[in-house]
Amino acid sequence: MSPAADAATLTARRSTRLVAWVRAWRAGLVPFDELADEIAGDEEHLVADAPGTWTDVPLGQALPAFAKLHPDEIRLVLPVPGDPRGLPGPGDLTGAALVAGEALVTPTFGIVPEVRRHTSGSGVSFETVLWRFYPVAEYRPVFQMGSAEAEAQLTQALAEATTQLTRLDVAQWRPELAGALQALRRPESTATLPPGFDPRSRRLFARASILDQVLALAEHSAPGGAVNTYEAQQRDAALRPLTTACRQALVAACNSPLHG
């Protein structure tokens, strides 16, 4: 199976689904009863420190915390060290979001996922997700690019990365990565957004979701023995702008205006 296909079987950033489906619910486009199942899929999701609770609770019991929020007050943030845009400033929420690389932020609270990996007695590995609430003293959304600009930037970054990786002869020592990036220029993805998102945002989300996971595979796969440190650094430098464009594309898609 190719890396692009492998990536399609991975779990996308959990916050993208949480933000998209909760926003669609608050816009009146999906029923509340569907939310928890759509967000969690076949994983177990619990929530810690939700308003009005004293212990960890199932995801569905924490979702009413969003009941008074407008969809535009619910924002996806995908921060990295050196680029904390969208976060409210120094504090527990910002620290946790930077470690996780993702968060949902509202004017009064933020939520960050913690993925826990387990192995059953029979040796089967599985994951559970714990969402933790953090209070926010004051939060004002920062400017973000729209879906059209983010799509153009992603397309350009993908083309430039492919060109550079070809020049670096990445196909010789990492053929699966080169092939995946080429395939993603004409992506076929099952990643979807809920009702209310326009076709451009849907297309952008589908493309960026798979690409995000391909890049995660590349990051966690050590280069082959024939690749020296300099070559690995060159590969990382070629992928860095693409990684940034991919994050911005996911944020733009999930935070885009909703239409009834």
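To start, this report covers the structure provided alongside it. (Residues numbered from 1 in each chain as written. Predicted model: local features only at pLDDT ≥ 70, side-chain atom pairs only at ≥ 80, totals over all residues. Heavy atoms only, no water.)

Brief notes about the overall build of the protein
Phase 1 of the analysis: Broken down by element type, the protein carries 10 helices and 6 strands.
Phase 2 of the analysis: A burial count over the protein gives 45% of its 260 residues as buried.
Phase 3 of the analysis: Of the contacts made within the protein by residues no fewer than 6 positions apart, 69% connect residues no fewer than 24 positions apart.
Phase 4 of the analysis: Of the roughly 13100 Å² that the protein leaves accessible, carbon and sulfur atoms contribute 53%. (Helix = DSSP H or I, 4+ residues; strand = E, 2+ residues; numbered from the N terminus. Buried < 20%, exposed > 50% of the residue type's maximum accessible area, 1.4 Å probe, protein only. Contact = heavy atoms within 4.5 Å. Areas by Shrake-Rupley, 256 points an atom, 1.4 Å probe, with all protein chains shown as cover.)

Side note on the nonpolar core
Phase 1 of the analysis: Ranked by size, the top nonpolar core spans 51 residues in total, and within it Val22, Val47, Leu63, Phe66, Leu154 and Leu242 carry the most contacts.
Phase 2 of the analysis: Here this core gets 10 residues from one element, more than from any other, and that element is helix H10 (residues 229-254).
Phase 3 of the analysis: Among residues more than four places away in sequence, those in contact with Leu154 are Leu204, Arg207, Ala208, Leu211, Leu242, Ala245, Cys246 and Ala249.
Phase 4 of the analysis: Membership of the second largest hydrophobic core comes to 11 residues, among which are Leu93, Ala103, Val136 and Tyr139. (Core = buried A, V, L, I, M, F, W, Y, C linked by side-chain atoms within 4.5 Å.)

Looking at helix H3 (residues 32-40)
Phase 1 of the analysis: Within H3, burial applies to Leu35, Ile39 and Ala40. For H3, the angular spread of buried residues about the axis comes to 90 degrees, placing them on one side. In H3, the exposed residues that point more than 90 degrees away from the buried face are Asp33 and Asp37.
Phase 2 of the analysis: Residues of H3 that are buried in the fold lie against helix H2 (14-26), strand E1 (44-48) and helix H4 (59-62).
Phase 3 of the analysis: Once H3 finishes, Gly41 follows within two positions and takes phi at roughly 60 degrees, a positive value. (Arc of directions from axis to C-beta.)

Quick word on the pairing of strand E6 (residues 125-135)
Phase 1 of the analysis: Judged from the 5 bridges that link them, E1 and E6 form a sheet pairing that is parallel. Its bridge partner being in E6, His45 is matched across the sheet by Val129.
Phase 2 of the analysis: Direction of pairing for strand E5 (residues 109-119) relative to E6: antiparallel, over a ladder of 11 bridges. Along E6, the bridge assignment pairs Glu114 with Leu130.
Phase 3 of the analysis: Hairpin connection between E5 and E6: a loop of 5 residues separates the two successive antiparallel strands, and Gly123 in this loop has a positive phi of roughly 90 degrees. (Pairing = 2+ DSSP bridges.)

Some points on the side chain of Arg14
Phase 1 of the analysis: Tracing the backbone through its elements, the reader meets Arg14 in helix H2.
Phase 2 of the analysis: The exposure class assigned to Arg14 is buried, which follows from its relative accessible area of 10%.

Observations regarding the environment of Ala152
Phase 1 of the analysis: Tracing the chain through its elements places Ala152 in helix H6 (residues 147-167).
Phase 2 of the analysis: Through-space distance from the C-alpha of Ala152 to that of Leu204 is 9.8 Å; in sequence the pair is 52 residues apart.

Here we look at the pattern of salt bridges
If charged atoms from side chains of opposite charge come close, those side chains can pair.
Phase 1 of the analysis: Under the counting rule described, the total for this entry stands at 12 salt bridges.
Phase 2 of the analysis: For the salt bridge of Glu38 with Arg17, the shortest nitrogen-to-oxygen distance reads 3.5 Å. Separated by 21 residues along the polypeptide, Glu38 in helix H3 and Arg17 in helix H2 bring together distant segments of the chain.
Phase 3 of the analysis: Taking the relative accessible area as the measure of exposure, Arg17 reaches 26% and is therefore partly exposed.
Phase 4 of the analysis: The partner of Arg247 in a salt bridge is Asp83, and the shortest N-O contact between them spans 3.1 Å. Separated by 164 residues along the polypeptide, Arg247 in helix H10 and Asp83 in the loop between strand E3 (75-77) and helix H5 (92-100) bring together distant segments of the chain. (Salt bridge = Lys/Arg side-chain N within 4 Å of Asp/Glu carboxyl O.)

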